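# Fold and contact review
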Amino acid sequence: MSVKFAAVKGMNDLLPPQIETWQFLEHTARQLFGVWGYSEVRTPIVEDTALFVRSVGEVTDIVSKEMYTFDDKAGRSLSLRPENTAPAVRALIEHGLAQQPLTRWFYLGPMFRYERMKTGRYRQFYQLGAEAYGAADAAQDVELIALAHSFLAAVGVKQVTLHLNSLGDPADRPRYLEALTAHFAPHVGAFSDAARDTFERNVMRLLDTKEEALRPLVESAPRLGDFLSDAARAHFGEVQALLGALKIPFVLDPTLVRGLDYYTRTTFEFVYQPVEGEGALGTAGTVCGGGRYDVLVHQLGGPEKPAIGFAMGLDRLVLLLDDLGKRPAERRPLLFLATMDGALKSQAVTLITALRQQGHQVDFDPRGGKIKRQIERAAAVKARFFAVYGEAEHQRGSLTVKNLDLPDGAPDKEVTVPLDALSQWLVNVAASLAVRPSP
Ligand code: AMP
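The paragraphs below set out a description of the structure included in this document. (Residues numbered from 1 in each chain as written. Predicted model: local features only at pLDDT ≥ 70, side-chain atom pairs only at ≥ 80, totals over all residues. Heavy atoms only, no water.)

### A word on the overall build of the chain
The helix and strand inventory of the chain stands at 15 helices and 16 strands. Against the globule reference of 22 Å for 439 residues, the chain gives a C-alpha radius of gyration of 28 Å, more extended than a compact globule. Counting only C-alpha atoms, the chain reaches 90 × 60 × 50 Å along its principal axes. The buried share among the 439 residues of the chain stands at 48%. The contacts of the chain with a sequence gap of at least 6 include a subset with a gap of at least 24, amounting to 71%. Per element, the accessible surface of the chain, about 21700 Å² overall, is 54% carbon and sulfur. (Helix = DSSP H or I, 4+ residues; strand = E, 2+ residues; numbered from the N terminus. Rg over C-alpha atoms; globule rule 2.2 N^0.38 Å. Buried < 20%, exposed > 50% of the residue type's maximum accessible area, 1.4 Å probe, protein only. Contact = heavy atoms within 4.5 Å. Areas by Shrake-Rupley, 256 points an atom, 1.4 Å probe, with all protein chains shown as cover.)

### Observations regarding the side chain of Thr21
Within the element layout of this structure, Thr21 appears in helix H1 (residues 19-35). Among the residues examined, Thr21 registers a relative accessible area of 1% and is labelled buried. Once residues lying within four places of it in the same chain are set aside, the contact partners of Thr21 are Val318, Leu321, Asp322 and Pro328.

### Some words on unusual backbone geometry
Of the consecutive residues Pro16 and Pro17, the connecting peptide bond is found in the cis state with omega at 5 degrees. The phi torsion at Arg265 lies on the positive side, around 50 degrees, for a residue other than glycine. Note on placement: Arg265 falls in strand E9 (residues 264-272). Residue Arg265 is classed as buried on the basis of its relative accessible area, which comes to 14%.

### Points about the packing of aromatic side chains
On inspection of all chains with the given rule, the structure shows 14 aromatic pairs. With 5.3 Å between their ring centres and 65 degrees between their planes, Tyr176 and Phe227 make a pair best called edge-to-face. You can see Tyr176 sitting in helix H6 (residues 173-184) and its partner Phe227 sitting in the loop between helix H8 (215-219) and helix H9 (230-245), a full 51 residues away along the chain. As far as burial versus exposure is concerned, Tyr176 and Phe227 are alike and both buried. By way of ring pairs, the aromatic residues Phe33, Phe106, Phe151 and Phe310 are connected into one cluster. Across the ring face of Tyr114, the terminal group of Arg123 is positioned such that the distance to the ring centre comes to 3.9 Å. (Phe/Tyr/Trp six-rings, centres within 6.5 Å; stacked < 30°, edge-to-face > 60°. Lys NZ or Arg CZ within 6 Å of the ring centre and 35° of its normal.)

### Considerations on the site of the ligand
Surveying the vicinity of the ligand reveals 14 residues, the closest of which are Arg113, Glu115, Tyr122, Arg258 and Thr286. Glu115 places a polar side-chain atom, nitrogen or oxygen, 2.7 Å from a nitrogen atom of the ligand. Here Gly313 contributes a backbone N or O atom positioned 3.3 Å from an oxygen atom of the ligand. Going through the elements one at a time, strand E6 (124-133), strand E10 (286-292) and strand E11 (307-313) are the ones with two or more residues in the shell around the ligand. The element contributing the most residues to the shell around the ligand is E10, with three residues. Here the residues of the shell around the ligand are counted per class, giving five nonpolar, four polar and five charged. (Near = heavy atom within 4 Å. Polar contact = N/O pair within 3.5 Å; in protein donor to acceptor, adjacent residues only side chain to side chain. Nonpolar A, V, L, I, M, F, W, Y, C, P; charged D, E, K, R; others polar.)

### Describing a nonpolar patch on the surface
On the surface, Met1, Val3 and Phe5 cluster together to form a nonpolar patch covering roughly 500 Å² of accessible area. Residue placement: Phe5 occurs in the segment before H1. On the basis of relative accessibility, which here comes to 76%, the residue Phe5 falls in the exposed class. (Patch = residues over 30% accessible without salt bridge, like charges linked within 9 Å, V, L, I, M, F, W, Y side chains within 5 Å. Salt bridge = Lys/Arg side-chain N within 4 Å of Asp/Glu carboxyl O.)

### Topic: the packing of H1 against helix H5 (residues 138-154)
Between H1 and H5, the least distance of the axes is 10 Å, while the angle of their chain directions is 140 degrees. By the angle between their directions, the pair H1 and H5 is classed as oblique. The way H1 lies across H5 gives a crossing that is right-handed. Contacts from Phe24, Leu25, Thr28, Ala29, Leu32 and Phe33 of H1 reach H5 at Leu147, Ser150, Phe151 and Ala154. (Axes fitted to C-alpha atoms, helices over the stretch in contact; angles between N-to-C directions. Parallel < 35°, antiparallel > 145°, perpendicular 65-115°, else oblique. Left-handed = near helix turned anticlockwise from the far one by under 90°.)

### What to know about the pattern of salt bridges
Using the criterion set out here, one finds 24 salt bridges in the structure. Across the pair Asp193 and Arg196 runs a salt bridge whose closest N-O atoms are separated by 3.4 Å. Of this pair, Asp193 and Arg196 both sit in helix H7 (residues 193-201), three residues apart, which is roughly one turn of that helix. The partner of Asp322 in a salt bridge is Arg327, and the shortest N-O contact between them spans 3.1 Å. Arg327 sits in the partly exposed class, given a relative accessible area of 46%. Connected through shared salt-bridge partners, Arg30, Glu40 and Arg42 make up one network.

### Focus on the sheet that holds strand E4 (residues 77-80)
What the three strands build is an open sheet, ordered E2-E4-E3; its pairing is antiparallel. Of all the strands in the sheet, the pair left with one neighbour each is strand E2 (46-48) and strand E3 (69-71). The average angle at which neighbouring strand axes cross in this sheet is 35 degrees, direction not considered. Across three bridges, E2 lies against E4 in antiparallel orientation. Paired with Val46 across the strands is Leu80, a residue of E4. (Pairing = 2+ DSSP bridges.)

Written out as structure tokens, the structure is:
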């Protein structure tokens, strides 16, 4: 008996033709991040659960509700990575690289969170992220923000707003939390269960609550900006001045606390702002989030080492590019060669294989059969040119190549190309069409 399966809910198959948009984003990322001096790292998808508990924080939503955690056969508690900053820091320390004065990394890969699903929110999703270790200076914050900004511009996403905040230094936090607790405490009786829980577990997270009823209270809450140390305030001022010098616009957003415990000083997000209405992402409009985490490297057993990073949601960028009608040019075979059954088929397959090995996009139907069906196949794969490799062509040593993009009767509809000139002819045609080189 055959059994049908479906992909696990919230985990998507990425298929053609949309995969081309993914490849475009990944290709652009590798190019651009390389230019900016960032090297790729790939860490395992599974880590010790304790790594995330210790870094992301025990009372965050990610760790308390959203991790895919399991015991392996040796009884160790492991988790599918919900984010990649902690694994990257773990790798930096484990390989003795935290001793380097400056390290700049990027990564690209799947993350896993057991989230409530909606548009742009999945349980397996892909992040492109960058991390810079070793510089506490505002120039580092701004370099990283400018990198994210440039990448978004390079892939054609311009309708984004940069939100900026400073969470100050760890030493600034207790006084602020006290003030925040005092602000919300008199109203807790009227809170929803979820809000009361957040109040008790992590009061700062109330600032990015989605509950409308809490809005007025959040608006009037004390601002972390008023509790910053002089050093943190000066740093934040420098970040803003440098962004101004680079002409990167931003809005100050005092409620931007981000969902992870390890952030210090600068935090930022790029939020998609469609011209009209909500756009493809609905409420999941944040395409990139990041911030400074100056204590995490030390907290995970490394030296004191300032650091800053961001992560971008690739799934959301793909949705956005689709919505903006920005699909990469379709990949089309340049030539479709119809084959004859029998002895000539091996001649044709040899020719096709040689052309492919030279880098030409040549297609054929391995099933052979009626020429009429092979023409239909050529049309289905949107081949630009079509030719038959038959007895007459073989004897003559040339092909009659038809341009499928031209209407019947057009003057250049058919050309004769000698077999020994075919490769050069394909090079010329590809150049004239500006066909994309293979990645
Ligand atoms: P975070 O560190 O949680 O702010 O995540 C950084 C970015 O990853 C977000 O701005 C989103 O673009 C993306 N992201 C986070 N969670 C998901 C998810 N469940 N599904 C799709 N994208 C996500």
